[in-house]
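Here is how the chains run, residue by residue.
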There are 2 protein chains.
Amino acid sequence: MIVAVNVHLKKGVLDPQGKAVHHALETLGFKNVNDVRVGKQILIDIDTDNKEEAIKEVEEMAKELLANPVIENYEIKVKE
Amino acid sequence: MIVAVNVHLKKGVLDPQGKAVHHALETLGFKNVNDVRVGKQILIDIDTDNKEEAIKEVEEMAKELLANPVIENYEIKVKE
């Protein structure tokens, strides 16, 4: 089973990467972009068929390693 | 409207970040992880209410800037 963890900087935390992409898009002529946030998507291929168990385990992984709780939020989604 | 662009290295392209996360997870005791891939999730807040129009425009952004077609794949999903 593949579980996706989307990790993004919390609102209010400066996102220089997002600003850079936003500026580049405007330079390329994309004028109707209000904001851009760049984060990580971590795809974890976990050896189980039990959805609840997979989510529970990936939640622990996110807390222990994948996301910095001080400046980042994360969301977990089962992909396959 | 917020559109997510998930950008990942193509299969077969070495993903050192994914390898490092996989190794760290094993060290922390998570033993049932088959593989880890780390990519980018870019959230674009675009000034339109028309879903098709937003997807079409973000597709162009992905082709021109957000993904390197030689080594990366991308998928586009409307979030809100």
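Calculation criteria
- Residues numbered from 1 in each chain as written.
- Chains lettered and ligands numbered in written order.
- Predicted model: local features only at pLDDT ≥ 70, side-chain atom pairs only at ≥ 80, totals over all residues.
- Heavy atoms only, no water.
- Least-squares fit on C-alpha atoms with pLDDT ≥ 70 in both.
- Contact = heavy atoms within 4.5 Å.
- Buried area = accessible area lost by both parts, 1.4 Å probe.
- Salt bridge = Lys/Arg side-chain N within 4 Å of Asp/Glu carboxyl O.
- Polar contact = N/O pair within 3.5 Å; in protein donor to acceptor, adjacent residues only side chain to side chain.
- Helix = DSSP H or I, 4+ residues; strand = E, 2+ residues; numbered from the N terminus.
- Pairing = 2+ DSSP bridges.
- Axes fitted to C-alpha atoms, helices over the stretch in contact; angles between N-to-C directions.
- Expected span 1.5 Å × (residues − 1).
- Buried < 20%, exposed > 50% of the residue type's maximum accessible area, 1.4 Å probe, protein only.
- Arc of directions from axis to C-beta.

Q: Before we go on, may I ask you to explain the relation of the copies chain A and chain B in this structure?
A: Turning one copy of the chain about an axis and sliding it along that axis gives the other copy, so a rotation and a shift relate them. Least-squares fitting of chain A to chain B yields an RMSD of 0.0 Å, with the superposition described by an axial translation of 0.0 Å and a rotation of 180°. In the structure described here, the two chain copies are related by an operation that fits a two-fold rotation axis. Nearest to the rotation axis, the C-alpha of A:Lys40 is located 2.3 Å from it, this being the minimum over chain A. The overlap is high: 100% of the interface residues of chain A also sit at the interface in chain B, so the same surface is used on both sides.

Q: Looking at this model, I keep getting lost on the interface of chain A and chain B. Mind explaining?
A: One frequently used descriptor of interface size is the decrease in accessible area upon assembly of the parts. At the interface, 32 residues of chain A touch 32 residues of chain B. Carbon and sulfur atoms make up 56% of the surface buried where chain A meets chain B, a total of about 2,900 Å² over both sides. Taken as a group, A:Phe30, A:Asn32 and A:Gln41 account for 21% of the area that chain A buries against chain B, more than any other trio of residues on that side. Between the two partners, chain A and chain B, sit two salt bridges. Taken together, chain A and chain B are joined by 16 residue pairs in polar contact (both at pLDDT 80 or more). For the side of chain A that touches chain B, the elements supplying multiple residues, two or more each, are strand 1 (2-9), helix 1 (16-27), strand 2 (33-46), helix 2 (51-66) and strand 3 (72-78) of chain A.

Q: Looking at this structure, how should I read the sheet that holds strand 3 (residues 72-78) of chain B?
A: The strands that make up a sheet are held in pairs by hydrogen bonds between backbone atoms, and each pair lies either parallel or antiparallel. If you walk across this open sheet you meet the six strands as 3(A)-1(A)-2(A)-2(B)-1(B)-3(B), and the pairing is antiparallel. A single partner strand is all that each edge strand has here, and the edge strands are strand 3 of chain A together with strand 3 of chain B. Neighbour-to-neighbour, the strand axes of the sheet open up by a mean angle of 25°, direction not taken into account. Pairing analysis gives six bridges linking strand 1 of chain A to strand 2 of chain A, with the strands arranged antiparallel. Bridge pairing links A:Val3 to A:Ile44 in strand 2 of chain A.

Q: Would you mind going over helix 1 (residues 16-27) of chain B with me for this structure?
A: Structurally, the α-helix is built with 3.6 residues per turn, so residues lying three or four positions apart point the same way. Taking 1.5 Å per residue, twelve residues should reach 16 Å; helix 1 of chain B reaches 16 Å between its end C-alpha atoms and fits that length. Within helix 1 of chain B, burial applies to B:Gly18, B:Val21, B:His22 and B:Leu25. Along the axis of helix 1 of chain B, the buried residues cluster in a sector spanning 100°; they form a single face. Away from its buried face, by an angle of more than 90 degrees, helix 1 of chain B presents the exposed residues B:Pro16, B:His23 and B:Thr27. Where the residues of helix 1 of chain B are buried, they touch helix 2 of chain A together with strand 2 (33-46) of chain B.

Q: Any chance you could explain helix 2 (residues 51-66) of chain B here in plain terms?
A: Helix length check: helix 2 of chain B, at 16 residues, gives a terminal C-alpha distance of 19 Å against a target of 22 Å (1.5 Å per residue), a shortfall beyond 12%. Along helix 2 of chain B, the positions that sit buried rather than exposed are B:Ala54, B:Glu57, B:Val58, B:Met61, B:Ala62 and B:Leu66. The buried residues of helix 2 of chain B all sit within an arc of 150° when viewed along its axis, so they share a single face. In helix 2 of chain B, the exposed positions that point more than 90 degrees away from the buried face belong to B:Glu52, B:Lys56 and B:Lys63. Where helix 2 of chain B is buried, its residues contact helix 1 and strand 2 of chain A together with strand 1 (2-9), strand 2 and strand 3 of chain B.

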